[in-house]
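Understanding the architecture of this molecule
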Amino acid sequence: MIRIDSVTKRYPDGTVAVDRLSLEIPDRSITVLVGPSGCGKTTTLRMINRMVEPTEGTILLDGEDSRRQPVTTLRRSMGYVIQNAGLFQHRTIVDNIATVPRLLGWGRQRARERAAELMERVGLDPSLAKRYPYQLSGGQQQRVGVARALAADPPVLLMDEPFSAVDPVVRKGLQAELLRIQDELGKTIVFVTHDIDEAITLGTMVAVLREGGRLAQYAPPADLLSNPADGFVEDFLGADRGIRRLSFFPSDALELTTDAVIPADATAARIAAVEAPHLLVTDADGRPLGWAAREELTAGDLRTDRLLPYGRPFVPGADSLRVALDCAVLSPVGRAVAVDGHGRVTGVVSQQTIGEAVRAAHTAGRADEQKVAG
Ligand SMILES: Nc1ncnc2c1ncn2[C@@H]1O[C@H](COP(=O)(O)OP(=O)(O)OP(=O)(O)O)[C@@H](O)[C@H]1O
Ligand SMILES: [Mg+2]
């Protein structure tokens, strides 16, 4: 475990970049440092691998002062990834990834095999191995940066705004990939960003820093959203904090109804028995086709081309309350369609029912907090 114990960094010109920071960074999880520009994120990360030495305080690695380890041993146990990947422009992709293993004295063949294995792991096509960095897209270069940092299999990864130079879609892909890699390899990752959404997506724990390198709050993302420590954290989290918090509540407790769900070949009697103004029509396998107003439905003569779109369905259990709410808001009839893992309809749920579940979830969240506080 990495423990930052009351660490201050004062640069020679008197700038206090980090002010008495204490953090316990849990093993095998992602800890995110987030905060506005200049709040000391990079300085903190660099103190962990001793590219910057603290002025005061101690950084402990598994309980031992990091200054007691030779700096080369320390750095080998920590992969480092930076913005724009920081690749060696004159080396091919495979040689970039093999850099540290080669420095450690691995043979060329073994190092290249390791590089090929890592390319696969980070989702890079093997055909890119012989290219140079300038022949890759920004997102591909970032993947190479991650592969290079993983090459010697260090237990710790330090990542400084690694995904901030790529567009939002590529960035989402890289975030998902990082979560998958973390799941498979169980690294201890310290990740710096100034994007609060990225922090919430990736972090097991999130440290919010403020100007002057002071810690504003250190908490799991759901707690941050439900209980910001002060106005600074609240502002930093942004206006839609309540909606975003719903991502942490499951949708499987939503009560689904099935009486308005009918197959395309339903009889007139079945259609007449429905009380709701809109019916969800399904195909023979139970997959959704679309919504129809009850009075426009004629048994045996269903015009599927005239159905209203059913929008995006949600999967109870797999999707959060936020997704379910989004589906209902986007639905032309104000109802979200629930499906199973095979895309077959399991029921529908109204905006109103979801609204009640949202209120219940927020109340339960507050009760939990009071328990913790009390
Ligand atoms: N070598 C240095 N000498 C003097 N001051 C420095 C030095 N490096 C950083 N600083 C200052 O320390 C403070 C924290 O810098 P740091 O790079 O850690 O911030 P950051 O949170 O990573 O910011 P950004 O989001 O812009 O990358 C800033 O005020 C910066 O100007
Ligand atoms: Mg920085």
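The model shown is predicted, which means the values in this text are computed figures rather than measured ones.

All right, on to the overall build of the chain then. Across its full length, the chain holds 14 helices and 15 strands. With respect to the three principal axes, the spread of C-alpha positions in the chain is 80 × 55 × 30 Å. Counting only residues that meet the buried cut, the chain has 38% of its 374 residues in that class. In the chain, the share of contacts with a sequence separation of at least 24, taken over all contacts with a separation of at least 6, comes to 60%.

In the vicinity of ligand 1, the residues found are Tyr11, Asp13, Thr15, Ala17, Ser37, Gly38, Cys39, Gly40, Lys41, Thr42, Thr43 and His194. Of all the elements, helix 1 (residues 41-48) adds the most residues to the shell around ligand 1, at 3 residues. The residue makeup of the shell around ligand 1, split by class, is 3 nonpolar, 7 polar and 2 charged.

For the rest of this paragraph, the subject is the environment of Leu308. Assignment of secondary structure puts Leu308 in the loop between strand 13 (288-293) and helix 13 (321-330). It is 45 Å that separates the C-alpha atoms of Leu308 and Gln83, two residues lying 225 residues apart in sequence. When near neighbours in sequence (up to four residues on either side) are disregarded, Leu308 contacts Gly290, Trp291, Pro332 and Val333.

What follows is about the sheet that holds strand 11 (residues 261-263). Strand pairing within a sheet occurs via backbone hydrogen bonds; the two strands may be parallel or antiparallel. Taken together, the 3 strands give an open sheet; going across it, the order is 11-12-13, and neighbouring strands pair in mixed fashion. Every other strand in the sheet has two partners, leaving strand 11 and strand 13 as the edge strands with one partner each. Averaged over all pairs of adjacent strands, the angle between their axes in this sheet comes to 35°, without regard to strand direction.

Phi at Arg28 takes a positive value of approximately 55°, unusual for a residue other than glycine. Inspection of the secondary structure assignment puts Arg28 in the loop between strand 2 (16-25) and strand 3 (30-34). A positive phi angle, close to 55°, is found at Asp153, a residue other than glycine. Examined against the element boundaries, Asp153 turns out to sit in the loop between helix 6 (138-150) and strand 7 (156-160).

Our next topic: the domain arrangement of the chain. As far as domains go, the chain holds domain 1 (2-248) and domain 2 (261-358). Inter-centroid distance (C-alpha atoms) of domain 1 to domain 2 is 43 Å. Of the residues lining the interface, 4 residues belong to domain 1; the matching set on domain 2 comes to 5 residues. Partitioned by chemical class, the residues of the side of domain 1 that touches domain 2 number 3 nonpolar, 1 polar and no charged.

A separate point is the sheet that holds strand 6 (residues 78-82). Spatially, 6-7-8-3-9-10 is the arrangement adopted by the 6 strands of the open sheet, whose pairing is mixed. Strands at the two margins of the open sheet, each flanked by one partner only, are strand 6 and strand 10 (214-219). Going across the sheet, the axis of each strand differs from the next one's by a mean of 15°, ignoring polarity. Against the sheet, helix 1 engages strand 3, strand 7, strand 8 (188-193) and strand 9 (205-210), with an angle of about 155° to strand 8. Against the sheet, helix 6 engages strand 6 and strand 7, with an angle of about 165° to strand 6.

What follows covers the UniProt feature "domain: ABC transporter" (unreviewed entry) in the chain. With numbering matched to this structure, UniProt assigns "domain: ABC transporter" (unreviewed entry) to residues 2-237. Secondary structure content for residues 2-237 is 38% helix and 25% strand, while the C-alpha to C-alpha distance between its ends is 26 Å.

The next thing to look at is the nonpolar core. Core analysis: the biggest nonpolar cluster contains 68 residues, and Val32, Ile97, Ala147, Leu158 and Ala207 have the highest contact counts within it. Residues contacting Leu158, with those up to four places away along its chain left out, are Leu45, Ile48, Asn49, Met78, Tyr80 and Val190. Counting 31 residues, the second largest nonpolar core, distinct from the first, contains Ala260, Phe314, Val337 and Val348.

About the thresholds
Residues numbered from 1 in each chain as written. Chains lettered and ligands numbered in written order. Predicted model: local features only at pLDDT ≥ 70, side-chain atom pairs only at ≥ 80, totals over all residues. Helix = DSSP H or I, 4+ residues; strand = E, 2+ residues; numbered from the N terminus. Buried ≥ 20, exposed ≤ 12 C-beta atoms within 10 Å, placed from the backbone. Contact = placed C-beta atoms within 7 Å. Near = placed C-beta within 6 Å. Nonpolar A, V, L, I, M, F, W, Y, C, P; charged D, E, K, R; others polar. Pairing = 2+ DSSP bridges. Axes fitted to C-alpha atoms, helices over the stretch in contact; angles between N-to-C directions. Domains from an automatic or database assignment. UniProt positions renumbered as here; feature names shortened; annotations may be inferred. Core = buried A, V, L, I, M, F, W, Y, C linked by C-beta atoms within 7 Å.

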